[in-house]
Amino acid sequence: MVKTASTESDTEVEGESTTVGAPLRDPTFRRIWGASLLSNLGQQMQAVTAAWTMLQITQQADLVAMVQSASMLPVMLLAIAAGAIADMYDRRRVAIGALCISLAGSTLLAMAAALGVISPALILLGVFITGTGISLYSPAWQASAAEIVGVRQLPAAVALYSMSANAARSVGPAIGGFVIASAGMVFTFSVNAVLYIPIIVALFLWKRETPPPRLPPERLDHAMLAGLRFVRYSPPVMRVLLRSLAISLGGAAVYSMLPLVADAQLGGGPEVYGFLLGGFGLGAVSFALLTSRLRDLFSSETILMGCSLGLAAALATIALSPFLALSVLATFAAGGSWMISIATCNVSVQVSSPRWVSGRTLAAFQAAVAAGLALGSLFWGVLAAKHGVAVAVGAASALMASTTLLRFVLPMPRVSSAEAAPPPSSDPLIKMDLTGRSGPLVVEIEYRVHANDARKFYHAMRDVRRSRERNGAYGTSLARDISDPDLWVERFHYATWNDYLRARDRPTVDDRNWRDKALAFQVEGVPLRIRRYLERPTGSVRWREDTIDPGDVLRVPVSLTAVGSH
């Protein structure tokens, strides 16, 4: 159980703990996870090869750091679009297409190296293309984890996903370093391209069952705005994203500075760089086994504070240590601290997001992490070029320690459930000829509340307003009749009829509870009065003799298997 003070509108999930390996009992998850381990191994080998090749070509700290920035930049730029695509279309097909893009990027690097035309620009382009594929793949696959193994096993699935990436990080860099030294960069880049094939095959074998959609998919821009709107009106999710961004800014020093630490401070080659990254990955894998246990013992806030201080101490050691063994031990601690902190934020975002927007909120989380890594890598690289590697890593340590102060302004929320609410008992009566694009639609709801309950009702409606806005409404307002103070009118808009129908599908149990809390102030025996209007600004309609009578009953088949009665 999480032991922390409650925050506004946050409710705690109390469920049974599952072991880290429980999701592996599912053959689909096991097959994809195993193939992703190989793919992650290849990606880590490519990362080492790209960074080390850049160092050998240029000997410039800022260009070496830009390799990490180039790989993270697509995640930062495309995350919301990638999340929207994952929510709108078949996630299996999206994941396969995304991996093909990454395969193209790694193939470009292998061909450029084989032809002897490798250059800083081609290195950055290749890792950028590879990162573009990963930015599209990751939300689709991670958002699918819950539907494969269930919400109860989601924290364990997230831990396994992180273990896959970090297990590869623990051995991939070391393998990459030795392969570069023995077989060269052409072979290393080629191995990464080949290792994409198993996971593409595993995704082809996934027989995903998708129920036919009740409504056509949203336009991509509308879906992206819906995701951003949900994040904006979900304070717990927003707090987690900002904490993730702050942690990633400091943690970026580990990823971007290790090639320079291996070369400048330890006087080693690619093998030393591989050992340092291997220690980081091994620490992440080792501490991943403790994730579920730590979540049972401590609050998310306590876990993040401990990990931030651990990462700060590790960075300070890396900045000062002239010994390889001590530096590897520090990267081991850094890997464990990084893995647990990011996994904690990941679970908080996923469990708190309803399924209709899970891909987009997960993408927003990844964008926050990627933004921190990309911007942090660039900043630490420039600082290292001007003042030295030790100063840059030491500054990152100080920044990481200071993130613990964010608990006072951005406290971590308790993990809340996004379980869907039950469907309504009846559908709205329609007596106009509407299409899915008809709109804007205006909804007005009249409440009658005793004057002595006015203040409590008003505060309850603040949660209702946030609920409506994060599910698609806009132009929300609450008015009180000055001649009849017991009468309150709530008013909100939807862009189209389809948007209104989608909003009826989206409320969660929390949303329904907020509305029930407000409805409890309704005068007993007086029913709500709900009106729905098709808004027509003056001059927007030009009537003709053959115009259909607006009183005609809607004849198009519309199935309203919906959630929410408003």
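The structure contained in this document is the topic of the report that follows. (Residues numbered from 1 in each chain as written. Predicted model: local features only at pLDDT ≥ 70, side-chain atom pairs only at ≥ 80, totals over all residues. Heavy atoms only, no water.)

All right, on to the overall build of the protein then. Across its full length, the protein holds 18 helices and 4 strands. For the protein, buried positions account for 55% of its 566 residues. Look at the contacts in the protein between residues 6 or more apart in sequence, and 86% of them connect residues 24 or more apart. Here the protein has roughly 24,200 Å² of accessible surface; of this, 63% comes from carbon and sulfur atoms. (Helix = DSSP H or I, 4+ residues; strand = E, 2+ residues; numbered from the N terminus. Buried < 20%, exposed > 50% of the residue type's maximum accessible area, 1.4 Å probe, protein only. Contact = heavy atoms within 4.5 Å. Areas by Shrake-Rupley, 256 points an atom, 1.4 Å probe, with all protein chains shown as cover.)

As a further point, take the sheet that holds strand β2 (residues 474-480). Spatially, β2-β3-β1-β4 is the arrangement adopted by the 4 strands of the open sheet, whose pairing is antiparallel. At either end of the open sheet lies a strand with only one pairing partner, and these are β2 and β4 (529-534). In this sheet, adjacent strand axes meet at a mean angle of 15° when their direction is disregarded. Pairing geometry for strand β1 (residues 441-448) and β4, over 6 bridges, is antiparallel. If you follow V443 over to β4, its bridge partner there is R532. Where helix α16 (residues 454-470) meets the sheet, its contacts fall on β1, β2 and β3 (487-494), and the angle it forms with β3 comes to roughly 10°. (Pairing = 2+ DSSP bridges. Axes fitted to C-alpha atoms, helices over the stretch in contact; angles between N-to-C directions.)

Within the secondary structure, T496 is located in the loop between β3 and α17 (497-505). The class for T496 is buried, based on a relative accessible area of 19%. Residues T496 and R437, 59 residues apart in the sequence, show an inter-C-alpha distance of 5.2 Å. Residues within four places of T496 in sequence aside, it is in contact with G436, R437, S438 and G439.

One pass over the structure, following the stated rule, counts 7 aromatic pairs. Here F457 and W488 contribute two aromatic rings whose centre-to-centre distance is 5.3 Å and whose plane-to-plane angle is 65°, an arrangement assigned as edge-to-face. Here F457 is found in helix α16, whereas its partner W488 is found in strand β3, with 31 residues between them in sequence. Judged by relative accessible area, F457 falls into the buried class, the value being 0%. Following the ring pairs from residue to residue traces out a cluster consisting of Y447, F457, W488 and F521. It is R407 that lies over the ring of F408; its NZ or CZ is 5.8 Å from the centre. Positioned above the aromatic ring of W514, the side-chain terminus of R466 is 5.4 Å from the ring centre. (Phe/Tyr/Trp six-rings, centres within 6.5 Å; stacked < 30°, edge-to-face > 60°. Lys NZ or Arg CZ within 6 Å of the ring centre and 35° of its normal.)

A pair of packed helices is captured by two measures, namely the crossing angle of their axes and the spacing between those axes. Interhelical geometry of helix α1 (residues 27-58) versus helix α6 (residues 185-194) gives an angle of 150° and a closest axis separation of 8 Å. Classified by the interaxial angle, the pair formed by α1 and α6 is roughly antiparallel. Considering only the axes of α1 and α6, their crossing is left-handed. Between α1 and α6, the contacting residues are S39, G42, Q43, M45, Q46, T49, A50 and T53 on the first element and M185, T188, F189, V191 and N192 on the second. Considered class by class, the residues forming the contact of α1 with α6 number 5 nonpolar, 8 polar and no charged. (Parallel < 35°, antiparallel > 145°, perpendicular 65-115°, else oblique. Left-handed = near helix turned anticlockwise from the far one by under 90°. Nonpolar A, V, L, I, M, F, W, Y, C, P; charged D, E, K, R; others polar.)

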